[in-house]
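These are the residues of each chain, in order.
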There are 2 protein chains.
Amino acid sequence: MSRDCSFLRDLPLSAEQVSFATEDRAEFGTDYGVVEADASPPDAVVYPESTEDVSVTLAAANERDVPVTPYAAGSSTEGNAVPVAGGITLSMERLDSILGFRPDDMQVDVQPGVVGEEMDAHVADEGLFFPAFPQSAAFSTVGGMIANDASGIRAVKYGEVREWVLELEVVKADGTVIEVGTKARKTSAGYNLLDLIVGSEGTLGVVTRATMDLAVAPARTLGGRATFDDLDDAAAAITEAVRAGVDVATIELIDPLTAEIANSYTDAGLPPVPMVFFELHGRGVDREAEVLSGIFERHGARRIETSEDDEEMTDLWRARREIGRALPEYDPDRVLDVVGDVTVPIGSYPEMIRFIGEVGDEYGIPIPAFGHAGDGNAHYAILVNRDDPEEVDRAHEAAETIVRGAIDRGGTCTGEHGVGVGKRGYLTREYDPAVLSTMRDVKEALDPNGILNPGKIFE
Amino acid sequence: MSRDCSFLRDLPLSAEQVSFATEDRAEFGTDYGVVEADASPPDAVVYPESTEDVSVTLAAANERDVPVTPYAAGSSTEGNAVPVAGGITLSMERLDSILGFRPDDMQVDVQPGVVGEEMDAHVADEGLFFPAFPQSAAFSTVGGMIANDASGIRAVKYGEVREWVLELEVVKADGTVIEVGTKARKTSAGYNLLDLIVGSEGTLGVVTRATMDLAVAPARTLGGRATFDDLDDAAAAITEAVRAGVDVATIELIDPLTAEIANSYTDAGLPPVPMVFFELHGRGVDREAEVLSGIFERHGARRIETSEDDEEMTDLWRARREIGRALPEYDPDRVLDVVGDVTVPIGSYPEMIRFIGEVGDEYGIPIPAFGHAGDGNAHYAILVNRDDPEEVDRAHEAAETIVRGAIDRGGTCTGEHGVGVGKRGYLTREYDPAVLSTMRDVKEALDPNGILNPGKIFE
């Protein structure tokens, strides 16, 4: 759908801030979830360098009912940042400054295009860190994390991104600039617009500045890995550890197939067996590790290794860390088509992991499962041969069966990746029509012309 | 303002569920913030016994533009539950059942009228507890806590109530029943309506069921008290402890005047000096306590006492625990007129505490200050002689000066009590008009006729 965006030439933006060139537009037609074959580039790209630039662009687009979709690193997995309705892509790449840092308040102010690990590097000298980064923080941006309410491996102890966002500057659809939230750590002052913007995938407003809360780097960190013979035992060990109140900072599970994939990529020489990776933070890590090891042993752990040495921890964790890179490389005939992130109540986690394996067997598709077990988040990947339409259909049916299984267990279709285009169909299963209609009412209230990232979240 | 509520007689409610009697209505005209002299009783009271009862009442009231205000324990401090526009009060007292408990998932389902400590008693046998209770949990209800996004003494470690609410059944203004949130611990599936309802003070919907997340009771608990000669030193010691990453479960400060008030009530025989109360949770409490004591000593602590024994901890904490009861009893000529809960970024906390004392001096009004120092939450109380209008005016000016001081330091007018009637005027200082107008747009989207708890939050 082509939109007339020539009005951008009349806005107070420099020539270097607006592009209609095919090669520039092409950069924004895909993300990690939308492959080249399904690319949907915008009609124009605007590169804002200030809040004002975002504001004038939105005001003009809003008057003309032209869609505007913000795009940061494009690391979203569900097409969240792809402008499926055409119009303008707002590339946030130039809004990449760290604006302020108040170590005494444990707060940092950043623009949305700041990359996660850059932010962490900036605050590390003061003994602080951002604890809610997703695994992609080496390239994903703070703006993208906020848009999808990302979380990642440390959510079991530290929670989601939204719990670490204090204040946001947001440009509304009509160009109005608002500042939601407060720099105080808690507030009950009026409606929580902050948490409405977080996770709204750029459909309610465009974030132009964020004040993030920070945590103190732990006094001690202990990392570890446990191998099991049986996947059920490994999953049960994790839920028991959480239920016993072991203060884990991360606790991750990978199934035998994922272990095989990761091992083949890393040459780690590890057996393809279920593995649990964990990290403990704090002055009592040795005592926590003792309790954790006891639980693992009772559940038949074959081998438990722990360390407080940085290099050794990195080594123990290698297989877990490389999954993201290993998966697309595993089978030259197959592309990574689905990366799921269903989340269920913790008591159902072992059952959910078992269910994913059963679905793989039923559909004759190997489905590696892994993920942030401590908060009930099960990741799974589906590799398919895109030249085999029957296999693609089967893969998608398998994926749907898994998501339905999670929702039927009281869970959610997405724990941290957001809805984008890919998960829209599941929302109608997860929520009653009255809930979705309330969400639409909120959308209508904040973006009456529907210009912000249309085609996402709602079908 | 009297409203015709006779239509209630025609609804499918029993005779025992509707009252127009003066003595019944009088029960709902006040709360902890609105005194008898300013009472504003409803025109009718409905006592729902089911979600359906709430739904039929709202649907009928909505058709007739009749205000409906939910009322639970009435422990709100800002008139939050007082029906200032008349109409119907929905008394939530009969919706007081615990509906389900899933220890494996660490979740409990409750109706809104369940009292905090009852919920805790129900889950304690399974080694679980609700960590975000306010100090009033012996009588305040889960519904009220959700309405105001309460928090209390353990927020520094465990966060606010909203972080422990997973799913809510909510009746919208037109009687539609929706279920927002998920039983999974995290989700990125669509707009976060859950956190929009939490803290909205019954102005966006009426909560009829809540699924709450629970924490595991700590393996070890250590309680303690430190006395200081100087208030500045005590406040600085706290901010340093937080900044150093000491894993405190609570850390509370009381100033010398508060100490005097609490001591006179408890006969504790303690000196009227600044005191810090703390609690540590986890397997490393002894090590954390050592670090904490070191920080206190460097800041000139006079005496530090700690214990892991229940009875001794209770004793150490007595002065802090009795403040709520001690304050109204302190001066027979004065009533407790203001209980403030401003919150500032943690780096500004010592300055804020000092500022409260300076305001007291400036206005010639003794203002005891205390509160949840670890998250920058400063409570203060103003006792006034209601027969002396000049003193009342002076007290209110002092209160305003304190709130303005908090907002000017990047803080919020209310950390946990909500806006109600009492704090409406401050929202216009805390937020830009465009933010308040966005809040109003959300209100309009969810409650177009404005029947839900009118007169609150917005001026």
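As annotated in an unreviewed UniProt entry, chain A carries the name D-lactate dehydrogenase (cytochrome) and is attributed to Halobellus ruber. Listed in UniProt under the heading Cofactor (unreviewed entry), the comment for chain A reads: "FAD".

Undergrad: I would appreciate a short explanation of the domain arrangement of chain A in the present structure.
TA: Accessible area lost upon the coming together of the parts serves often as the stated size of an interface. Residues and elements named next belong to chain A. What the domain assignment lists for chain A is domain 1 (6-91), domain 2 (98-216) and domain 3 (218-330). Averaged C-alpha coordinates put domain 1 and domain 2 at centres separated by 22 Å. Facing 14 residues of domain 1, the contacting portion of domain 2 comprises 16 residues. Looking at the side of domain 1 facing domain 2, the largest losses of area belong to Thr51, Leu58 and Asn80, adding up to 35% of the total buried there. On inspection of domain 1 and its partner domain 2, the count reaches zero salt bridges. Taken together, domain 1 and domain 2 are joined by four residue pairs in polar contact (both at pLDDT 80 or more). Element by element, the count of residues in the side of domain 1 that touches domain 2 is highest for helix 2 (residues 51-63), at six residues. In the side of domain 1 that touches domain 2, the residues fall into eight nonpolar, six polar and no charged.

Undergrad: Quick question: what am I supposed to make of the nonpolar core here?
TA: Generally speaking, nonpolar side chains in soluble globular proteins are found buried as a group. Counting 204 residues, the largest nonpolar core has A:Leu168, A:Met212, B:Leu168 and B:Met212 as the members making the most contacts within it. Those residues in contact with B:Leu168 that lie beyond four places of it in its chain are B:Ile146, B:Ile178, B:Glu179, B:Val180, B:Leu194, B:Ile197, B:Val198, B:Val207, B:Arg209 and B:Ala210.

Undergrad: Just checking my understanding: could you explain helix 15 (residues 433-446) of chain A for this structure?
TA: Count 3.6 residues to each turn of an α-helix, and residues three or four apart come out pointing the same way. Counted at 1.5 Å a residue, the expected span for helix 15 of chain A with its 14 residues is 20 Å, and the 20 Å between its end C-alpha atoms agrees. Those residues of helix 15 of chain A that are buried are in contact with helix 6 (193-197) and helix 14 (424-430) of chain A together with strand 9 (177-181), helix 6 (193-197) and helix 15 (433-446) of chain B.

Undergrad: How do you make sense of the interface of chain A and chain B when you look at a structure like this?
TA: Counting residues at the interface gives 87 residues for chain A and 87 residues for chain B. The largest per-residue losses of area from chain A upon contact with chain B belong to A:Lys186, A:Tyr191 and A:Arg283, which jointly make up 16% of the total buried on that side. Taken together, chain A and chain B are joined by 12 salt bridges. A salt bridge links A:Glu416 to B:Lys186, with the nearest nitrogen and oxygen atoms 3.0 Å apart. Inspection of the chain A/chain B interface yields 43 residue pairs in polar contact (both at pLDDT 80 or more). Only strand 9 (177-181), helix 6, helix 7 (231-243), helix 9 (285-298), helix 14 and helix 15 of chain A provide two or more residues apiece to the side of chain A that touches chain B.

Undergrad: How do you make sense of the relation of the copies chain A and chain B when you look at a structure like this?
TA: In this structure, two copies of a chain are linked by a rotation about an axis accompanied by a shift along it. It takes a turn of 180 degrees to lay chain A on chain B, together with a shift of 0.0 Å along the axis; the resulting RMSD is 0.0 Å. Overall, the copies show the geometry of a two-fold rotation axis. Every residue of chain A has its C-alpha some distance from the rotation axis, and the shortest such distance is that of A:Gly284, at 2.1 Å. The fraction of interface residues of chain A whose copies in chain B are also interface residues reaches 100%, indicating that both copies meet through the same surface.

About the cut-offs
- Residues numbered from 1 in each chain as written.
- Chains lettered and ligands numbered in written order.
- Predicted model: local features only at pLDDT ≥ 70, side-chain atom pairs only at ≥ 80, totals over all residues.
- Heavy atoms only, no water.
- UniProt positions renumbered as here; feature names shortened; annotations may be inferred.
- Domains from an automatic or database assignment.
- Contact = heavy atoms within 4.5 Å.
- Buried area = accessible area lost by both parts, 1.4 Å probe.
- Salt bridge = Lys/Arg side-chain N within 4 Å of Asp/Glu carboxyl O.
- Polar contact = N/O pair within 3.5 Å; in protein donor to acceptor, adjacent residues only side chain to side chain.
- Helix = DSSP H or I, 4+ residues; strand = E, 2+ residues; numbered from the N terminus.
- Nonpolar A, V, L, I, M, F, W, Y, C, P; charged D, E, K, R; others polar.
- Core = buried A, V, L, I, M, F, W, Y, C linked by side-chain atoms within 4.5 Å.
- Buried < 20%, exposed > 50% of the residue type's maximum accessible area, 1.4 Å probe, protein only.
- Expected span 1.5 Å × (residues − 1).
- Least-squares fit on C-alpha atoms with pLDDT ≥ 70 in both.

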